[in-house]
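# Structural description and commentary
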Amino acid sequence: MSKAGMQEHARPEPETSRVSAVDALVEQIRVMMNSEGLTVGDSLPSERELSARFNAGRNTIREAIRMLKAYGVVDVRPKVGAVIIDRRMDAVVDVFAFNFDMTEEVFRDIQTFRRMIEIGAVEPLFARAVEADIRGLRAINEMMRAAEGPEERASRDYDFHLRLLSIAGNRTLVHVYKILKPQIAQLMTTGKNVREGIDGAFDEHAAVIDALEQRNVFGFQYHMSRHLEAGLSFI
């Protein structure tokens with residue numbers, strides 16, 4: 001072989017050619033997740049669908065899914081497949097779940113967290129809410145007042161606040177609220193076993209809805225803050 005031929009033979013491969021098919025597929029899946037707005041709790045397409053979409057073999061698909069699982073991006077669940085997760089949320093759940101005794105300090109910590117989320121969402125909430133949303137919120141509030149037992153009332157209270165965040169359209173905040181449902185619902189049972197607590201929650205909900213319907217930012221912030229503080233008197 002000539003010297004020139006030996007040099008040609010020894011020339012290193014371009015950097016792009018060393019990127020494995022699996023790495024490339026992982027990037028393609030990441031781009032797909034972003035472009036289609038997939039987020040925590042959503043399922044990825046099946047292996048067969050991914051194979052057809054990206055023209056990749058099943059083994060390559062499985063290796064890419066295993067890599068995403070190792071990154072903490074997806075979790076593979078029986079009969080469901082690959083579901084998008086966010087391991088960062090585990091730490092948030094741990095904060096709420098660890099030594100979850102309903103003390104004044106714990107109550108204030110959780111309600112401060114909720115105030116940042118729920119009052120912070122006022123701008124998109126006001127921009128997106130329509131008359132059907134107002135009717136839906138009033139219906140949930142009526143169901144809360146008519147529910148039997150503190151747990152069922154707390155569940156309807158949770159539904160009310162989740163609906164507010166859903167109307168605002170921030171899917172990440174909705175998923176955070178869903179992840180923390182056991183802890184938030186437990187807090188919401190506070191005062192739900194006495195008529196004063198039930199009527200108080202109903203009235204504050206109604207005032208929040210009225211402020212939303214009237215696009216009254218100050219009224220919304222005021223009544224939501226009062227509502228989030230009200231349960232402290234029952235601790």
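Rules and cut-offs
Residues numbered from 1 in each chain as written. Predicted model: local features only at pLDDT ≥ 70, side-chain atom pairs only at ≥ 80, totals over all residues. Heavy atoms only, no water. Helix = DSSP H or I, 4+ residues; strand = E, 2+ residues; numbered from the N terminus. Buried < 20%, exposed > 50% of the residue type's maximum accessible area, 1.4 Å probe, protein only. Contact = heavy atoms within 4.5 Å. Areas by Shrake-Rupley, 256 points an atom, 1.4 Å probe, with all protein chains shown as cover. Pairing = 2+ DSSP bridges. Salt bridge = Lys/Arg side-chain N within 4 Å of Asp/Glu carboxyl O. Axes fitted to C-alpha atoms, helices over the stretch in contact; angles between N-to-C directions. Parallel < 35°, antiparallel > 145°, perpendicular 65-115°, else oblique. Left-handed = near helix turned anticlockwise from the far one by under 90°. Nonpolar A, V, L, I, M, F, W, Y, C, P; charged D, E, K, R; others polar. Core = buried A, V, L, I, M, F, W, Y, C linked by side-chain atoms within 4.5 Å. Expected span 1.5 Å × (residues − 1).

Our next topic: the overall build of the chain. Broken down by element type, the chain carries 13 helices and 2 strands. Here the chain, with 235 residues, has 40% of them falling under the buried criterion. In the chain, of all internal contacts separated by at least 6 residues, the share reaching a separation of at least 24 is 67%. With an accessible surface of roughly 13,600 Å², the chain has 53% of that area assigned to carbon and sulfur atoms.

With that settled, consider the pairing of strand β2 (residues 81-84). Note: strand β1 (residues 74-77) against β2, 4 bridges, orientation antiparallel. In the strand pairing of β2, Val74 is matched with Ile84. Counting the residues between successive antiparallel strands, the hairpin from β1 to β2 contains 3 residues, one of them, Lys79, with a positive phi of roughly 65°.

Let's shift gears to the pattern of salt bridges. Counting across every chain of the model gives 17 salt bridges. Notably, a salt bridge pairs Glu118 with Arg114, separated by 3.1 Å at the nearest N-O pair. You can see Glu118 and its partner Arg114 sitting in helix α6 (residues 104-118), 4 residues apart, about one turn around the helix. Across the pair Arg145 and Glu142 runs a salt bridge whose closest N-O atoms are separated by 3.2 Å. With Arg145 and Glu142 both in helix α8 (residues 131-146), this residue pair falls 3 residues apart, about one helical turn. Residue class for Arg145 comes out partly exposed when judged on its relative accessible area of 35%.

Let us look at the packing of helix α9 (residues 150-168) against helix α10 (residues 171-179). At a minimum axis separation of 9 Å, α9 and α10 run at an interaxial angle of 160°. When the axis of α9 is compared with that of α10, the two are roughly antiparallel. α9 and α10 meet at a crossing whose hand is left-handed. Contacts from Tyr158, His161, Leu162, Leu165 and Ser166 in α9 reach Leu173, Val174, Tyr177 and Lys178 in α10. Taken together, the residues that form the contact of α9 with α10 break down as 6 nonpolar, 2 polar and 1 charged.

Counting residues in each nonpolar core, the largest one holds 35 residues, and the members touching the most others are Leu125, Leu164, Leu212 and Phe220. Where this core is concerned, the elements lending two or more residues are α6, α7 (122-128), α8, α9, α10, α11 (181-188), α12 (195-214) and α13 (217-230). Aside from chain neighbours lying at most four places away, what touches Phe220 is Glu118, Ile119, Val122, Leu125, Phe126, Val208 and Ala211. Counting residues in hydrophobic clusters, the runner-up holds 17 residues, among them Val22, Leu25, Phe54 and Ile65.

Another point: unusual backbone geometry. In this structure, Lys79 is a non-glycine residue whose phi angle is positive, near 65°. One can find Lys79 in the loop between β1 and β2. The exposure class assigned to Lys79 is exposed, which follows from its relative accessible area of 92%. Notably, Arg215 is not glycine yet its phi reads approximately 55°, a positive angle. Residue position: Arg215 is located in the loop between α12 and α13. Owing to a relative accessible area of 36%, Arg215 belongs among the partly exposed residues under this scheme.

For α12, spanning 20 residues, the distance from its first C-alpha to its last is 28 Å, which sits close to the expected 28 Å at 1.5 Å a residue. Residues Gly197, Ile198, Ala201, Phe202, Glu204, His205, Ala206, Ala207, Val208, Ile209, Ala211 and Leu212 constitute the buried set of α12. Where α12 is buried, its residues contact α7, α8, α9 and α13. One or two steps after α12, the chain reaches Arg215, where phi turns positive at roughly 55°.

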